[in-house]
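# Report on the structure
Listed below, chain by chain, are the residues.
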Amino acid sequence: MNENEWLAARFETDRSRLRAVAYRVLGSMPEAEDAVQEAWLRVTRADAAAVENMSGWLTTVVARVSLNMLQSRKSRREDLVDAPDPDHAQHRETESADPEQEALLAESVGAAMFLVLDTLTPAERLAFVLHDMFAVPFEEIAPIVDRTPAAARQLASRARRRFQRQGIVPDTAATAHRNVPVPDESADTETPQAGKADFVHAFLTASREGDFEALLSILAPDIVVRADRAAVQMGMATGIGMATGAGLTEEIRGTDAVTRAFAKLSWAPVPALIDGSAGLAYVRDGVPHAVFRFDITDGLITDIDIRADLTGLDIIILS
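Quick caveat: nothing in here was measured; it's all calculated off a predicted structure.

On to the packing of aromatic side chains. Enumeration according to the criterion identifies four aromatic pairs in this entry. Geometrically, the ring pair formed by Phe11 and Trp40 is tilted, given 5.1 Å between the ring centres and 55° between the ring planes. Of this pair, Phe11 sits in helix H1 (residues 3-26) while Trp40 sits in helix H2 (residues 29-45), and the two are 29 residues apart along the sequence. Arranged with centres 5.2 Å apart and planes meeting at 70°, the rings of Phe203 and Phe294 form a pair that is edge-to-face. Residue Phe203 is located in helix H9 (residues 193-209), and its partner Phe294 is located in strand S5 (residues 287-297); the two are separated by 91 residues in the primary sequence. Residue Phe203 shares its accessibility class with Phe294, and that shared class is buried.

Written out as structure tokens, the structure is:
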């Protein structure tokens with residue numbers, strides 16, 4: 001086996017872990033695959049024979065590529081604001097080279113974790129992912145983010161506090177590399193944040209696609225949708241009632257009525273954290289005008305609260 005063959009075989013040994021790193025940094029499996037491929041091209045042009053810690057070096061290369069992609073993406077969003085894709089869809093509409101791996105990663109990471117990761121700066125996100133999820137020392141993270149080790153530690157600490165404020169427990173170094181779900185040992189009947197974000201995403205997707213069956217499957221039979229007076233006055237601007245031609249009312253009850261109201265809408269709410277809880281926001285010109293808050297119990301959406309009076313609400317728009 002020559003040097004190139006050895007390097008290729010060594011890279012393949014680490015490919016799964018490298019893809020997991022890139023996926024958590026970028027939040028997109030297609031982009032993660034691109035990052036890993038770009039890392040491989042860089043590796044083939046470098047002097048790998050002089051590397052002592054091959055796994056650590058490969059992680060650094062993938063991290064640098066991922067950070068560049070994340071910064072480029074952020075720059076593009078600042079120049080052009082597009083309607084966001086609810087599936088953290090900065091994800092492209094392409095198939096992963098390994099659908100089974102993508103499903104495992106998506107399950108293990110959870111939607112809520114990505115909601116919080118999307119609120120971090122690229123440097124904070126990279127520092128947190130590398131240290132807290134993959135146990136990379138700050139001394140190795142520092143040159144990647146162009147900071148001192150102490151500053152890199154502060155980046156990860158700020159990200160960690162954001163998770164703590166939202167009550168979300170992300171992957172740790174002990175579980176992230178295994179690509180398996182972190183078990184939820186809570187005995188509470190209310191859905192934790194990770195599951196709640198998944199329900200909100202499922203609701204938004206089914207509503208946009210007019211999938212009646214999907215909506216019925218996640219709505220409680222006695223579901224209640226309540227809107228405050230300001231939301232009712234906004235009427236069609238919130239998108240509610242477009243399927244039936246009726247305007248938004250202060251209260252809608254039952255799965256049939258709620259499904260008819262929300263299915264086949266051309267509305268475009270975006271994922272948001274509302275007082276730290278996963279929900280949706282109706283945004284115009286970058287400003288939230290209404291929010292949709294969800295209560296979920298025993299695996300079903302039981303209440304949706306629509307508010308256009310946003311006084312006192314802590315709203316973080318996630319793009």
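A few words on the side chain of Arg125. Position of Arg125 among the secondary structure elements: in helix H6 (residues 122-134). Of the residues examined, Arg125 reaches a relative accessible area of 2% and is grouped as buried. Not counting residues within four places of it along the chain, the set of residues in contact with Arg125 comprises Arg24, Val25, Leu26, Gly27, Leu70, Phe114, Leu117, Asp118 and Leu120.

Here we take up the packing of H1 against H2. Viewed as axis vectors pointing N to C, H1 and H2 meet at an angle of 140°, and their least axial separation amounts to 8 Å. It follows from the interaxial angle that H1 and H2 lie oblique. With respect to the hand of their crossing, H1 and H2 are arranged in right-handed fashion. Side by side, H1 and H2 meet where Leu7, Ala8, Phe11, Arg15, Leu18, Arg19, Ala22, Tyr23 and Leu26 of the first sit next to Met29, Glu31, Ala32, Glu33, Ala35, Val36, Ala39, Trp40, Val43 and Thr44 of the second.

So, about the pairing of strand S3 (residues 270-274). Counted residue by residue, S3 has five buried out of five residues, so it is predominantly covered. By the bridge criterion, five bridges tie S3 to strand S4 (residues 277-284) in an arrangement that is antiparallel. Paired with Ala272 across the bridge in S4 is Gly279. Joining the antiparallel neighbours S3 and S4 is a turn of two residues, in which Asp275 adopts a positive phi near 50°. In terms of strand pairing, S3 meets strand S7 (residues 315-317) through three bridges, oriented antiparallel. Of the residues in S7, the one forming a bridge with Ile274 is Ile315.

For the rest of this paragraph, the subject is the nonpolar core. Core analysis: the largest hydrophobic core is formed by 83 residues, its most contacted members being Phe203 and Ile301. Take this core: its biggest share by element is nine residues, from H1. Membership of the second largest hydrophobic core comes to seven residues, among which are Ala281, Val291, Leu310 and Leu313.

On to the confidence of the model for the chain, then. Of the residues in the chain, 72% reach a pLDDT of 70 or more, and the chain-wide mean stands at 76. Ranking the elements of the chain by mean pLDDT puts helix H4 (residues 99-109) last with 49 and helix H7 (residues 138-145) first with 92. For the stretch residues 177-194, pLDDT sits under 50, and the model shows 28 contacts to residues farther than four places along the chain or on other chains. The model gives residues 241-246 a pLDDT under 50, and that stretch makes 12 contacts with residues more than four places away or in other chains.

Phi at Ala135 is positive, roughly 55°, even though this residue is not glycine. Located in the positive-phi region is Asp146, a residue other than glycine, with phi close to 60°. Within the secondary structure, Asp146 is located in the loop between H7 and helix H8 (149-166). We classify Asp146 as exposed; its relative accessible area is 67%.

Right, let's talk about H7 for a bit. Those residues of H7 not exposed but buried are Phe138, Ile141, Ala142, Ile144 and Val145. Burial along H7 is one-sided: seen end-on, the buried residues are contained in an arc of 165°. One or two steps after H7, the chain reaches Asp146, where phi turns positive at roughly 60°.

Another aspect to go through is the pairing of strand S6 (residues 300-307). With five bridges connecting them, strand S1 (residues 219-227) and S6 associate as parallel partners. The residue of S6 that forms the bridge with Arg226 is Asp305. Sheet analysis places S5 next to S6, joined by seven bridges and oriented antiparallel. Bridge pairing in S6 places Arg293 opposite Asp305. In sequence, S5 turns back onto S6 through a hairpin of two residues, with Asp298 there showing a positive phi of about 55°.

Conventions we followed
Residues numbered from 1 in each chain as written. Predicted model: local features only at pLDDT ≥ 70, side-chain atom pairs only at ≥ 80, totals over all residues. Heavy atoms only, no water. Phe/Tyr/Trp six-rings, centres within 6.5 Å; stacked < 30°, edge-to-face > 60°. Helix = DSSP H or I, 4+ residues; strand = E, 2+ residues; numbered from the N terminus. Buried < 20%, exposed > 50% of the residue type's maximum accessible area, 1.4 Å probe, protein only. Contact = heavy atoms within 4.5 Å. Axes fitted to C-alpha atoms, helices over the stretch in contact; angles between N-to-C directions. Parallel < 35°, antiparallel > 145°, perpendicular 65-115°, else oblique. Left-handed = near helix turned anticlockwise from the far one by under 90°. Pairing = 2+ DSSP bridges. Core = buried A, V, L, I, M, F, W, Y, C linked by side-chain atoms within 4.5 Å. pLDDT = per-residue confidence, 0-100. Arc of directions from axis to C-beta.

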